Amino acid sequence: MRVLAIALAAISFAAVSQAQAQTTSYKVDPDHTAIVFKIDHMGFSNVYGMIGGADGKIVVDEKNPEKSTFEVSAKLDTINTMAKKRDDHLKSPDFFNVKQFPTMTLKSKTVKKAGAKYDVTADLTLHGVTKPVSFTFTQMKTGKDPWNNVRTGGITTLTIKRTDFGMNYMAKPGEVGDEVEVQISVEGTKI
Amino acid sequence: MDSPIVRAFLMSAVAPASVAAVVIFLLGFLKEPWKARAQGLVFALAFSAGAFVLIRRLHVPPTDAGEAFSLAALLLAVFIFVRPQPLGHRYLVRALFVLALGAVILYPLRQTILAPIYYRNLVAFFCLALGVWSIVEKTAPKVMPTTLILLPLIAATGLSLLMLFAASASYSQIVSVACALFGAALVLALVKPQRLSMNALVPFLSVFVILLMAAGHFYLDINPWHMIYLCLPYFVLWIRDWLGFVPKKTLPEGLILGAVSAAPLAYFVYNIGVKAGPLY
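These lines cover the structure that appears in this document, whether it is placed above or below. Keep in mind that what you see is a predicted model, and the values were worked out from it rather than measured. (Residues numbered from 1 in each chain as written. Chains lettered and ligands numbered in written order. Predicted model: local features only at pLDDT ≥ 70, side-chain atom pairs only at ≥ 80, totals over all residues. Heavy atoms only, no water.)

## Section: the overall build of chain A
Counting its secondary structure elements, chain A contains 2 helices and 10 strands. Relative to the compact-globule value of 16 Å for 191 residues, chain A shows a C-alpha radius of gyration of 21 Å, a clear excess of over 25%. A buried classification covers 41% of the 191 residues belonging to chain A. In chain A, 55% of the contacts between residues at least 6 apart in sequence involve partners at least 24 apart. Here chain A displays about 10700 Å² of accessible surface, and carbon together with sulfur accounts for 59% of that area. (Helix = DSSP H or I, 4+ residues; strand = E, 2+ residues; numbered from the N terminus. Rg over C-alpha atoms; globule rule 2.2 N^0.38 Å. Buried < 20%, exposed > 50% of the residue type's maximum accessible area, 1.4 Å probe, protein only. Contact = heavy atoms within 4.5 Å. Areas by Shrake-Rupley, 256 points an atom, 1.4 Å probe, with all protein chains shown as cover.)

Rendered as structure tokens:
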């Protein structure tokens, strides 16, 4: 009887370990994660900017990609459009209102493998508003870096409307664009 | 009307102020306290409408300062409806109401505002709001209606400019809605002062302006001392009795006290603008 109990415990432990081995957790590497946005400037040209301070966790399930999850945030006070006065204006209540809403967050809801890519739906929280977004994520590579850390990374592009998130200042046609194209290039190191 | 800024000003400030002026004029036939109640409500609704045109959202509870300003204006109208007469010595009622208004204005910042670093300034703005409300209420019978409206209008205009220099055009535009409404009331006070209820206007001219100043400090990190300087017109109102050489007539009083208040503020705001640099 005791032998049977020990055997059952060993089998259960092995099963749990096997399940855990299927998933790999990665911590977002802020130094190798970039969020770049592009917005129309009154029809004259596009303005580009970057947001840094990325943080978060990615959990990848190799056997069941649908069970993969991620939650990534970025600090909006790092916004940089190469013009300090514009950066100050973007941080003001006219746009991101960084004092009240210091971070933006992207949290996964569903992940579906589509060939070599992933179709993802996630909740984007920005300016205190949470809206669902959909995008296709391309995983670029998973492997060891020169310092023996296991890394994974990929890129995606999504388009959002800032008025959906309550950023209505100068959002009419002919003013500053409503649609914002966001390119995210993310890397994580295994934890 | 090519400029979106001019268009926004006309739609959000001039239009509601014009409509409010006509409605307030028509409601001027009512007797007190109903005149105060009705005109207070019109004022609050016109302000909220102007703010809504600018920010295009209004949630309860408020999610940002723009929405909080609208709700505070409506709460002030409710207060005027319940208590249309001057408060006089009822400082406890005044204090409770300032606290309620302040809570609405600062509600979006509730998670960060209750930190020791902010306590001193919260108390300071609370006392300032109480004091200014008292001053304007006590001065109301002693000055011409145009002067009572003009001096707070000067303070509010200075505040709108400071907000603009602090890189918040949207909050500056919302305060300019209040300025336009004060301007409309000023025109009415010049043309037909008996149609205007000062009991309705006094809270908007006093405590509401101070709470907008508090919002400028807590939301935009504008130096609180700059808000103290903006209160110079209220100080001029306070010492009106000591300025016996100023005639108690509409135009001379308005021009002299207006100039005494506006000149130093204009110099101060101009210097802030120069330091802030070109607008973006």
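Back to the write-up after that little detour.
## Description of the packing of aromatic side chains
Throughout the structure, instances matching the rule amount to 16 aromatic pairs over all chains. Considering the side-chain rings of F70 of chain A and F135 of chain A, the 6.5 Å spacing of their centres and the 50 degrees angle between planes classify their relative orientation as tilted. Here F135 of chain A lies in strand 8 (residues 129-144) and F70 of chain A lies in strand 5 (residues 69-75), a separation of 65 residues in the sequence. Here F70 of chain A and F135 of chain A have matching classes, each one buried. Look at Y118 of chain B and F218 of chain B: their rings are 5.9 Å apart centre to centre, the planes differ by 65 degrees, and that puts the pair in the edge-to-face class. (Phe/Tyr/Trp six-rings, centres within 6.5 Å; stacked < 30°, edge-to-face > 60°.)

## Here's the deal with the pairing of strand 10 (residues 176-190) of chain A
Residues and elements named next belong to chain A. As defined by bridge partners, strand 1 (residues 23-28) adjoins strand 10 across 3 bridges and the pair is classed as antiparallel. Paired with Y26 across the bridge in strand 10 is K190. Sheet analysis places strand 9 (residues 150-161) next to strand 10, joined by 11 bridges and oriented antiparallel. For R151, the partnering residue across the bridge sits in strand 10 and is T189. (Pairing = 2+ DSSP bridges.)

## Side note on the interface of chain A and chain B
Chain A puts 18 residues into the contact, and the matching count from chain B is 26 residues. The salt bridge partner of D221 of chain B is K99 of chain A, with a shortest N-O separation of 2.7 Å. Along the lines of polarity and charge, the residues of the side of chain A that touches chain B split into 4 nonpolar, 7 polar and 7 charged. (Salt bridge = Lys/Arg side-chain N within 4 Å of Asp/Glu carboxyl O. Nonpolar A, V, L, I, M, F, W, Y, C, P; charged D, E, K, R; others polar.)

## A closer look at the environment of K75 of chain A
Residue and element names in this part refer to chain A. Within the secondary structure layout, K75 lies in strand 5. For the pair formed by K75 and P102, sequence separation is 27 residues and the distance between their alpha carbons is 6.1 Å. Residues within four places of K75 in sequence aside, it is in contact with I51, G52, G53 and P102.

## Topic: the pairing of strand 4 (residues 55-61) of chain A
Side-chain direction in a regular strand flips from residue to residue, so the side chains alternate between the two faces of the sheet. Residue and element names in this part refer to chain A. Burial runs high along strand 4: 5 of the 7 residues are buried. In terms of strand pairing, strand 1 meets strand 4 through 5 bridges, oriented antiparallel. Bridge pairing in strand 4 links S25 to V59.

## A short note on the packing of helix 1 (residues 4-27) of chain B against helix 2 (residues 34-55) of chain B
Residues and elements named next belong to chain B. Packing of helix 1 against helix 2 brings their axes to within 9 Å, and their N-to-C directions diverge by 165 degrees. When the axes of helix 1 and helix 2 are compared, the pair comes out roughly antiparallel. Between helix 1 and helix 2 lies a crossing whose hand is right-handed. Judged by residue contacts, A8, M11, S12, P16, A20, V23, I24 and L27 of helix 1 engage K35, A38, Q39, V42, F43, A46, G50, V53 and L54 from helix 2. Among the residues making up the contact of helix 1 with helix 2, the classes are represented as 13 nonpolar, 3 polar and 1 charged. (Axes fitted to C-alpha atoms, helices over the stretch in contact; angles between N-to-C directions. Parallel < 35°, antiparallel > 145°, perpendicular 65-115°, else oblique. Left-handed = near helix turned anticlockwise from the far one by under 90°.)

## Concerning helix 1 of chain B
Relative to the 34 Å expected for 24 residues at 1.5 Å per residue, helix 1 of chain B spans 33 Å between its end C-alpha atoms, a close match to the ideal helical length. At its buried positions, helix 1 of chain B is contacted by helix 2 and helix 8 (169-191) of chain B. (Expected span 1.5 Å × (residues − 1).)

## Points about the pattern of salt bridges
Per the stated rule, a full pass over the model turns up 14 salt bridges over all chains. The residue R240 of chain B makes a salt bridge to E253 of chain B at a minimum N-O spacing of 2.7 Å. Of this pair, R240 of chain B sits in the loop between helix 11 (232-238) and helix 12 (250-276) while E253 of chain B sits in helix 12, placing them 13 residues apart in sequence. Relative accessible area serves as the criterion here: at 0%, E253 of chain B is assigned to the buried category. Salt bridges sharing partners connect three or more residues here, namely D29, D145, R151 and E187 of chain A.

## Considering helix 9 (residues 198-220) of chain B
Residues and elements named next belong to chain B. Its 23 residues place the ends of helix 9 31 Å apart at the C-alpha level, agreeing with the 33 Å of an ideal helix rising 1.5 Å per residue. Where helix 9 bends most, at F208, the angle is about 30 degrees. Counting buried positions along helix 9 gives 22 out of 23 residues, so the element sits mostly inside the fold. Trailing helix 9 by a residue or two, D221 shows a phi angle of about 60 degrees, which is positive. (Bend = angle between axes of the 7 residues up to and from the residue.)

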